[in-house]
Amino acid sequence: MAHREADAPSEGTAVSSIRTVKLKDLVPAATNTVNTTFIVLDKAAPSARPSHRHPHAQAARDSGGGGGREEKEVTCLALVADETAAAHFLLWGGECGAFEPGDIVRLTDGIFSYHRGNALVLRAGRRGRAEKVGEFTMLFVETPNMSELQWGPDPNDGRRMVQEAVVSPYSQIFKPLR
Amino acid sequence: MPPPLPPSPPPPRLLAGGDHHPPPTSASSPEHPFHSAHLVLPSPSPSTADLSSPHLPFALAFAFITQPSPLPRRLLVVLHAAGARFPAFYHAFASALLSLPFPLLLPHPRTRLLLAASELARAAAPGFAPLLVSLLRRVPFPGDARLLEVLHEHASFLADEEPQVLATAVFAFLRLLSRNRLAPAAGSVECKDCEECNGAKNLQECRGRLVSFCVSVLRDHFQVCALLGRDLVRSLHELALVPEFQLLWRDLILDRAADVCRIGTPRWCTAVAITSEMETQLLFMMNNVKWGDQKRYQLWFARKHLMVPGGEERIPDIVRFICCGYHPTNEVMQSGVIARWAVVGWLLTSCSKGYVVANAKLALFYDWLFFEKGRGSVMNIEPAMLLMVNSVSQYTDITNMLLEFLFLLIDNYDVQRKEVIARCVRSAFGVLVKKGVVPSLVPLTGCDKLSLLLRQKLLAFLSDTCEVAEEACGKPINEVSKGTELNKRIC
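Residues numbered from 1 in each chain as written. Chains lettered and ligands numbered in written order. Predicted model: local features only at pLDDT ≥ 70, side-chain atom pairs only at ≥ 80, totals over all residues. Heavy atoms only, no water.

## Here's the deal with the overall build of chain A
Counted only if it meets this: Strands here mean DSSP runs of E at least two residues long; helices mean DSSP runs of H or I at least four residues long; both are numbered from the N terminus. With a 1.4 Å probe rolled over the protein chains alone, any residue whose accessible area is under 20% of its type maximum counts as buried; one over 50% counts as exposed, and the rest are partly exposed. Whether two residues are in contact is decided by their heavy atoms: any pair within 4.5 Å suffices.
Within chain A, the secondary structure is distributed over two helices and nine strands. Scanning chain A from its N terminus toward the C terminus, one meets helices and strands in the order β-β-α-β-β-α-β-β-β-β-β. Residue burial in chain A is summarised as follows: out of 178 residues, 48% are buried. If you take every contact in chain A between residues at least 6 apart in sequence, the share linking residues at least 24 apart comes to 64%.

Here you go:
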């Protein structure tokens, strides 16, 4: 499937930090180049696991959950969307308590990639930043959900991914409210 | 060797919000214009060039709300020097203060914002009215008793020069009294070292003064309060059991209520009783959110505004805002967005307390009780009608409940003026059909799912004057049964 120029991983060039994309144009890539704005639709309960000197340990410490005991890596999955598509967003550490459903969030230098095996999620990552820039006043769609698509290597360019199939039109974790 | 100069501390923050809000250095932060301007604050004797700088309003506002206690006098000097020289300066100063999102303001800046409002009011400076009104929409909040002081001090001046501000204050306080029964204001003053902040009182601590302010303004400036129209009477009804208001009713209101109720509620009045966030979000729902997509927005709105202390008690005021404060254009109505009646229906089902449901239904029908052909706006009475008609097939209990309540109101709202009220309600039904809001009343009169007693009552009520009944039903009464047959399919 064809996709746009904006999706092309641009290897950390200066341009990537100002170009914004809509969620429907997200393509899995191992680069922190996603700049976008979305609204948080729903949030699951946070989960914690030992951090094991993970690059995100800093974020977990910031959340203040540990208090000197064994450091935990707290994460929390959220459903986010804009007027073109939805996706799963993984909140880390302090982000878990900072964003609530209905918040409009601007993500800079985020990453859309497979996390712990096969969950395709958008997240700020170590280099990215998520900021609350508003509330409520944004339209959204819940389908397609970019995290519920199956992606494969582009036959014309092995470094890129293309959509292969729709696993589910809507999030299988956060059911749409009707 | 002299010790190295310590690095200059970062400028003080105005807003709460941790790592996940834009930093003040980011252009998208509401603090940004203040932070980029705060260094331009001129010397104690500013030059003309200093005073005309476009950054000065922000710089001065920043200094005003962040300087530690006591407020340096030179800030007042600069404020009034700039204001005297450039009349637009006061407006710019007030707008700068208004640009800050109030719910995020830190305690000290919040205390100072009230001080700035009070200073502008004292000087009768342009721009003080919107600032006061915007703060009145925020009550209750920590330190809000200062507002009462300002208004009390300037009541006579306001009555002459800014009557709408005084009426707004009375309405905001009456709603606060009846809505919250003065539950404690959320949050606390955390600016520990500062006398100014520690001394800031909350309205909940001075209920007596609040009541006596309302009573004295109602007694001394009744004409000003009458600007609020019939919502003044609605508010006073809710407080009728409070002894001070009981006296007021007997001395003053009883004779005048009927006249005031003929005055429609102005739009600005309905916005006073809801916060600006509520207004923005309700308007977004009714202007942008398509049918079927509203569930999440409703959930967010309820979580933020209704499921908080004193939140549910706002529902009647929200219903008034929807009926009288927002009249969509035809274009919006046909654009597939969620309709006003559906929002009202959702709000009614969100009430868990009996007295809130009753007040919300009264709010919905209030303009029906005083509807005068050619004088009342059909848009004010439209949501109740559409909610009844559109609920009849799937949510019949809502239609039943509303119709039953309407008859209760006709008989009991004002027993001495029962006939007049009945005439107004009949006229409301008639106009709604005549204007095509509903093609006829057959969906109500002919729906088997509705209680038989209510249908009979409605038919009898409408046929009291044949003309209205024909107008209302869209056909002569003896044809209604035919309509009933047709309508069975709909129900």
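There's more to say after this.
## Focus on the confidence of the model for chain A
Residue and element names in this part refer to chain A. Defined as follows: As a per-residue quantity, pLDDT reports the predictor's confidence and falls between 0 and 100.
In the predicted model, chain A carries a mean pLDDT of 83, and the fraction of residues at 70 or more is 78%. Of all secondary-structure elements in chain A, the lowest mean pLDDT belongs to helix α1 (residues 57–62), at 46, while strand β1 (residues 34–43) reaches the highest, 98. Scored below 50 in pLDDT, residues 1–17 shows 25 contacts in the model against residues more than four places distant or in partner chains. Throughout residues 54–68 the model reports pLDDT below 50, and contacts reaching past four residues in sequence, or to other chains, amount to 19 contacts.

## Quick look at unusual backbone geometry
For the bond running from A:Thr143 to A:Pro144, omega is 0°, close enough to zero to count as cis. For A:Pro144, the location among the structural elements is in the loop between β7 (129–135) and β8 (149–154). The omega torsion across B:Val139 and B:Pro140 is 0°, close enough to zero to call that bond cis. Within the element layout of this structure, B:Pro140 appears in the loop between α7 (128–136) and α8 (145–161). A positive phi is found at A:Asp109, a non-glycine position, where the angle reads about 55°. Summarising the element assignment, A:Asp109 is placed in strand β5 (residues 103–115). A positive phi is found at B:Ala124, a non-glycine position, where the angle reads about 50°. With respect to the helices, strands and loops of the structure, B:Ala124 is situated in the loop between α6 (107–122) and α7.

## Things to note about helix α26 (residues 452–462) of chain B
Owing to its 3.6 residues per turn, the α-helix aligns residues three or four sequence positions apart on the same side. Residue and element names in this part refer to chain B. Selection rule: Taken from the helix axis, the directions to the C-beta atoms give the arc we talk about.
Among the residues of α26, those classed as buried are Leu454, Arg455, Leu458, Phe461 and Leu462. Viewed end-on, α26 has its buried residues packed into an arc of 130°, placing them on one side of the element. In α26, the exposed positions that point more than 90 degrees away from the buried face belong to Leu452 and Leu453.

## Focus on the nonpolar core
Worth spelling out the cut-off: The term nonpolar core refers to a set of buried residues drawn from Ala, Val, Leu, Ile, Met, Phe, Trp, Tyr and Cys, joined through side-chain atoms within 4.5 Å.
Among the nonpolar cores identified, the biggest contains 183 residues, and B:Phe93, B:Phe173, B:Phe213, B:Phe245, B:Trp368 and B:Phe429 are the most heavily contacted of them. For this core, the element with the highest residue contribution is helix α9 (residues 163–180) of chain B, accounting for 11 residues. Excluding anything up to four places from it in sequence, B:Phe245 contacts B:Leu174, B:Leu177, B:Val211, B:Cys214, B:Val215, B:Leu218, B:Leu236 and B:Leu239. Ranked by size, the runner-up nonpolar core spans 27 residues in total, among them A:Val74, A:Ala87, A:Phe112 and A:Leu149.

## Brief notes about the pairing of strand β4 (residues 86–92) of chain A
All names here are of chain A. Put simply, the rule reads: Pairing between two strands is assigned when DSSP locates at least 2 bridges connecting them.
With seven of seven residues buried, β4 lies mostly within the body of the structure. On β4, burial covers both faces: Ala86, His88, Leu90 and Trp92 on one face and Ala87, Phe89 and Leu91 on the other are all buried. Taken together, the seven bridges between strand β3 (residues 72–81) and β4 define a ladder with antiparallel strand orientation. Residue pairing in the sheet places leucine 77 in a bridge with leucine 90 of β4. Of the strand pairs in this sheet, β4 and strand β6 (residues 119–123) are connected by two bridges, and their pairing is parallel. Among the inter-strand pairings, phenylalanine 89 is bridged to a residue of β6, identified as leucine 122.

## Describing the interface of chain B and chain A
Our working rule: When two components associate, each loses some accessible surface as probed by a 1.4 Å sphere; the sum of these losses over both components is called the buried area. For this document, the term salt bridge refers to a Lys or Arg side-chain nitrogen within 4 Å of an Asp or Glu carboxyl oxygen. Any N or O atom pair separated by 3.5 Å or less is treated as a polar contact, with the protein-specific requirement of one donor-capable and one acceptor-capable atom, and with residues adjacent in sequence counted only for side-chain atom pairs. Nonpolar residues are Ala, Val, Leu, Ile, Met, Phe, Trp, Tyr, Cys and Pro. Charged residues are Asp, Glu, Lys and Arg, and all others, Gly as well, are polar.
If you look at the interface, chain B gives 23 residues, while chain A gives 28 residues. Of the roughly 2,100 Å² buried at the junction of chain B and chain A (both faces included), carbon and sulfur atoms supply 56%. Per-residue buried area on chain B facing chain A is highest for B:His20, B:Arg296 and B:Trp300; these three make up 39% of the total on that side. Here chain B and chain A share three salt bridges between them. The closest approach of N and O atoms between A:Glu135 and B:Lys304, which form a salt bridge, is 3.0 Å. For the pair chain B and chain A, the number of links is 10 residue pairs in polar contact (both at pLDDT 80 or more). Going through the elements one at a time, α16 (276–288) and α17 (294–306) of chain B are the ones with two or more residues in the side of chain B that touches chain A. Here the residues of the side of chain B that touches chain A sort into nine nonpolar, eight polar and six charged.

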